[in-house]
Amino acid sequence: MLTEKRHELILTALEQHQFLSLQHLIEYTGSSASTIRRDLSKLQEEGKLTRVHGGAKLIGEQKEPELHEKRTQHIEEKVEIAKRAAQLVNDGDCLYLDAGSTTLEMIPFLTAKEITVITNGLSHVEELLKKGIATKIIGGDVKANTLAVVGSRAVSFLQHYRFNKVFLGVNGIDCEAGLTTPDEREAIVKETAMMHAQQTYILADASKFNQQYLAAIHTTEQPILITSEKARHIQNFDVYDHHFEILGGK
């Protein structure tokens, strides 16, 4: 592959992610590690990206895709994951349902009786009410692109509840970096929900693996990943089995 074409592929990929690991770029371009390292050095000299430990990121802040865009991406995987997640809900459970496209796909599959759902996803509220599910929306600042409620008021609200199960979405999963998201405010909301959960589940399609973003999501208890069949075909996926308990895709 010509150098110019490879550089174009690298920059295009980075426009869609806050961070890409060296391994991801090697697989994405079909090039050797030494070639990618030279490419990253050259692109950094040209002021087009910044090299960081384990990979590279674009210079400047990345804009997170809007919810309506996310809802059209990887939809078959998201539905597969959502069905599996909904099966884990028992009658009488109190749930926290995180904002996001995959958690939104869970709602049509919720069949457990007398459940209560607390959510920070404005897009989730109408769908929950249509199902006759007791619903509470947390207060705070609303992100225009994802309709997620974040901020200090959202965190304070969550501290009043205890959840049987928490279902979260993330932007990136990496064995070294763990769980990440582009927005620090959203990371804190997710962390708070997990602190008040008996069990946390992370819903993640194949595109989320081997990705790192700006804000780390710290966990005190090991969450369970719910993923798809496609994710299990990612190269070196088996390394995640040593870091997480994984459901789905079998």
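The rules we used
- Residues numbered from 1 in each chain as written.
- Predicted model: local features only at pLDDT ≥ 70, side-chain atom pairs only at ≥ 80, totals over all residues.
- Heavy atoms only, no water.
- Pairing = 2+ DSSP bridges.
- Helix = DSSP H or I, 4+ residues; strand = E, 2+ residues; numbered from the N terminus.
- Axes fitted to C-alpha atoms, helices over the stretch in contact; angles between N-to-C directions.
- Parallel < 35°, antiparallel > 145°, perpendicular 65-115°, else oblique.
- Left-handed = near helix turned anticlockwise from the far one by under 90°.
- Contact = heavy atoms within 4.5 Å.
- Nonpolar A, V, L, I, M, F, W, Y, C, P; charged D, E, K, R; others polar.
- Buried < 20%, exposed > 50% of the residue type's maximum accessible area, 1.4 Å probe, protein only.
- Phe/Tyr/Trp six-rings, centres within 6.5 Å; stacked < 30°, edge-to-face > 60°.
- Patch = residues over 30% accessible without salt bridge, like charges linked within 9 Å, V, L, I, M, F, W, Y side chains within 5 Å.
- Areas by Shrake-Rupley, 256 points an atom, 1.4 Å probe, with all protein chains shown as cover.
- Salt bridge = Lys/Arg side-chain N within 4 Å of Asp/Glu carboxyl O.
- Lys, Arg positive; Asp, Glu negative; His and termini not counted.

You'll find the chain entered in an unreviewed UniProt entry as Transcription repressor of fructose operon, with Staphylococcus intermedius NCTC 11048 given as the organism.

1. Quick notes on the pairing of strand 3 (residues 55-58)
Bridge analysis of strand 1 (residues 19-21) against strand 3 gives two bridges, and the strand direction is antiparallel. In the sheet register, Leu20 faces strand 3, and the bridge partner there is Ala56. Looking at chain direction, strand 2 (residues 49-52) and strand 3 are connected through four bridges and run antiparallel. If you follow Thr50 over to strand 3, its bridge partner there is Lys57.

2. Overview of the packing of helix 1 (residues 3-15) against helix 2 (residues 22-29)
For any two helices packed against each other, one specifies the inter-axial angle together with the distance between the axes. Look at helix 1 against helix 2: their axes get within 11 Å of each other, and the N-to-C directions meet at 125°. Here helix 1 is positioned oblique relative to helix 2, judged by the angle of their axes. Considering only the axes of helix 1 and helix 2, their crossing is right-handed. Residues Arg6, Leu9, Ile10 and Ala13 of helix 1 pack against Leu25, Tyr28 and Thr29 of helix 2. Taken together, the residues of the contact of helix 1 with helix 2 sort by class into five nonpolar, one polar and one charged.

3. As for the sheet that holds strand 14 (residues 215-217)
Judged by pairing direction, the sheet is antiparallel, and its three strands sit side by side in the order 10-11-14 without closing on themselves. Each edge of the open sheet is held by one strand with a lone partner, namely strand 10 (172-174) and strand 14. Neighbour to neighbour, the strand axes of the sheet diverge by 35° on average, direction disregarded. As paired elements, strand 10 and strand 11 (residues 178-181) share three bridges and run antiparallel to each other. The residue bridging Ile173 from the neighbouring strand is Leu179, located in strand 11.

4. Here's the deal with helix 7 (residues 122-130)
Regarding helix 7, the residues found buried are Ser123, His124, Val125 and Leu128. Positive backbone phi, approximately 75°, marks Gly132, located one or two places after helix 7.

5. Here we look at the packing of aromatic side chains
Both the distance between ring centres and the angle between the ring planes are used here to describe each pair of aromatic rings. Counted by the stated rule, this structure contains seven aromatic pairs. Through a chain of ring-to-ring contacts, three or more aromatic side chains come together here, namely Tyr96, Phe157, Tyr161 and Phe163.

6. A short note on the environment of Tyr213
Within the fold, Tyr213 resides in the loop between strand 13 (211-212) and strand 14. A relative accessible area of 12% means that Tyr213 is categorised as buried.

7. Quick notes on the packing of helix 1 against helix 3 (residues 33-45)
Where helix 1 contacts helix 3, the axes come no closer than 11 Å and their chain directions differ by 75°. Relative to helix 3, the element helix 1 lies roughly perpendicular. Taken together, the residues of helix 3 that come into contact with helix 1 (itself represented by Thr3, Arg6, His7, Ile10 and Leu11) are Thr35, Ile36, Asp39, Leu40, Lys42 and Leu43. A breakdown of the residues in the contact of helix 1 with helix 3 according to their chemical character gives five nonpolar, three polar and three charged.

8. Some thoughts on a nonpolar patch on the surface
Together, Leu122, Ile137, Val142 and Leu147 give the surface a local cluster of nonpolar side chains, amounting to about 290 Å² of exposed area. Looking at the secondary structure, you find Leu122 in helix 7.

9. What to know about the side chain of Asp174
Within the secondary structure, Asp174 sits in strand 10. For the buried Asp174, no salt bridge is present, and the opposite-charge side chain at shortest range is Arg37, 14 Å distant. Excluding residues that lie within four positions of it along the chain, Asp174 makes contacts with Asn210, Gln211, Gln212 and Tyr240.

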